[in-house]
Amino acid sequence: MNFFKYHGTGNDFILIDCRSDMMLPSHREIINACQRQFGIGADGILSLWPTDSADIMVRIHNSDGSESAMCGNGLRCVAHHLLKNSDNNSYVQILTESGSYKVEKIDLERYRVAMGKPSFIHTELPDENQNDISFAGVTFNGVAVHFGNPHYTIFTPDDPETQLELYGAMLQHNPVFPKGANISFAKFADNRVVAVVYERGVGRTLACGSGACAIAVAAIKKNLWHFNRELTVELPG
């Protein structure tokens, strides 16, 4: 298998171009390739496909073999792959399962994704007014939002890393999320947010692009930040 390896803020991917042979690795091959000890090692696989609806179509597979509808860091990696040697093009339109996204090239190393509008009403989210999730005697008051994928953000006064280790996997599989969710624990530190994300189909990652957007939206939703102020979200990567 010919492949490229990219990462966006530590969120790393194997990229394969399927436009010529149209062959996608099998479910087991995806899992084996993403395995860090005995495979190539990655959070997921990005496969490129032809389309008439955009410049390129990308399918996104998580390290457990499941397919994801959208990945912000993955789109940045695809854009870099397509535009890194181009002097003429400054953006690329990428089609995913969740829609079409414009990714702009800022400079050689930086790319910006037009993420679109967040949604608080979606079939993959609990009822809009159901912000509390309880289990094992613990109640979490978070914000559920859809940014191509379902996200649930919890602001905590405690260490986000510790909270994620204790509760991330259990929250991800909570029945209120019909297909699971990406879980973020976040904490304000001065004028920025420090956060960690447990991604659906992957586990703890060094960064999550759509997760960072969901965290910012959650901060505004809970009146912790004003919508017209820029917010820095700091992730481990």
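This one's a predicted model, so the numbers in the text were calculated from it and none came from an experiment.

The rules behind the values
- Residues numbered from 1 in each chain as written.
- Predicted model: local features only at pLDDT ≥ 70, side-chain atom pairs only at ≥ 80, totals over all residues.
- Heavy atoms only, no water.
- Salt bridge = Lys/Arg side-chain N within 4 Å of Asp/Glu carboxyl O.
- Buried < 20%, exposed > 50% of the residue type's maximum accessible area, 1.4 Å probe, protein only.
- Helix = DSSP H or I, 4+ residues; strand = E, 2+ residues; numbered from the N terminus.
- Expected span 1.5 Å × (residues − 1).
- Bend = angle between axes of the 7 residues up to and from the residue.
- Contact = heavy atoms within 4.5 Å.
- Patch = residues over 30% accessible without salt bridge, like charges linked within 9 Å, V, L, I, M, F, W, Y side chains within 5 Å.
- Areas by Shrake-Rupley, 256 points an atom, 1.4 Å probe, with all protein chains shown as cover.
- Phe/Tyr/Trp six-rings, centres within 6.5 Å; stacked < 30°, edge-to-face > 60°.
- Lys NZ or Arg CZ within 6 Å of the ring centre and 35° of its normal.
- Disulfide = S-S within 2.5 Å.
- Pairing = 2+ DSSP bridges.

1. Comments concerning the pattern of salt bridges
Under the criterion given, the structure shown has 10 salt bridges. Ionic pairing is found between R36 and D43, a salt bridge with its closest N-O pair at 3.0 Å. Owing to a relative accessible area of 9%, D43 belongs among the buried residues under this scheme. One network of salt bridges, with partners in common, ties together K5, D12, R36 and D43.

2. Things to note about helix 3 (residues 160–172)
With 13 residues, helix 3 ought to run about 18 Å at 1.5 Å a step, yet its terminal C-alpha atoms sit only 15 Å apart, falling short of that. Helix geometry: helix 3 is bent most strongly at L166, by close to 45°. P160, Q163, L164, Y167, G168, L171 and Q172 are the residues of helix 3 that are buried. Here the buried face of helix 3 lies against strand 9 (132–135), strand 10 (138–141), strand 12 (150–155), strand 13 (182–189), strand 14 (192–199) and strand 15 (203–205).

3. Quick notes on a nonpolar patch on the surface
Nonpolar side chains collect at one region of the surface, where M1, F3 and I40 lie side by side and expose about 270 Å² of accessible area between them. If you trace the backbone, M1 turns up in the segment before strand 1 (4–8). Looking at M1, the relative accessible area reads 56%, which means it is exposed.

4. Some points on the packing of aromatic side chains
Considering all chains together, one arrives at six aromatic pairs under this definition. Each ring, one from F140 and one from F185, has its centre 6.0 Å from the other, and the planes form 75°; the classification is edge-to-face. A residue pair is termed long-range when its members are at least 10 positions apart, and F140 in strand 10 and F185 in strand 13 qualify at 45 residues. Comparing F140 with F185, the two get one shared label, buried. Grouping aromatic residues by their ring pairs yields a cluster made of F140, Y167 and F185. Above the ring of Y91, the side-chain terminus of K102 is found at 4.5 Å from the ring centroid.

5. Points about the state of the cysteines
Simply put, disulfide is the name for a covalent bond between the sulfur atoms of two cysteines. Across all of its chains, the model carries zero disulfides by this definition. A disulfide-free cysteine, C34 has its sulfur positioned 12 Å from the sulfur of C71, the nearest such atom. A disulfide-free cysteine, C208 has its sulfur positioned 6.8 Å from the sulfur of C71, the nearest such atom.

6. Concerning the pairing of strand 1
Residues in a regular strand point their side chains to alternate faces of the sheet. Across five bridges, strand 1 lies against strand 2 (residues 11–17) in antiparallel orientation. Within the sheet, the bridge partner assigned to H7 lies in strand 2 and is D12. The antiparallel pairing of strand 1 with strand 2 creates a hairpin that spans two residues between the two strands, and T9 there sits at a positive phi of about 55°.

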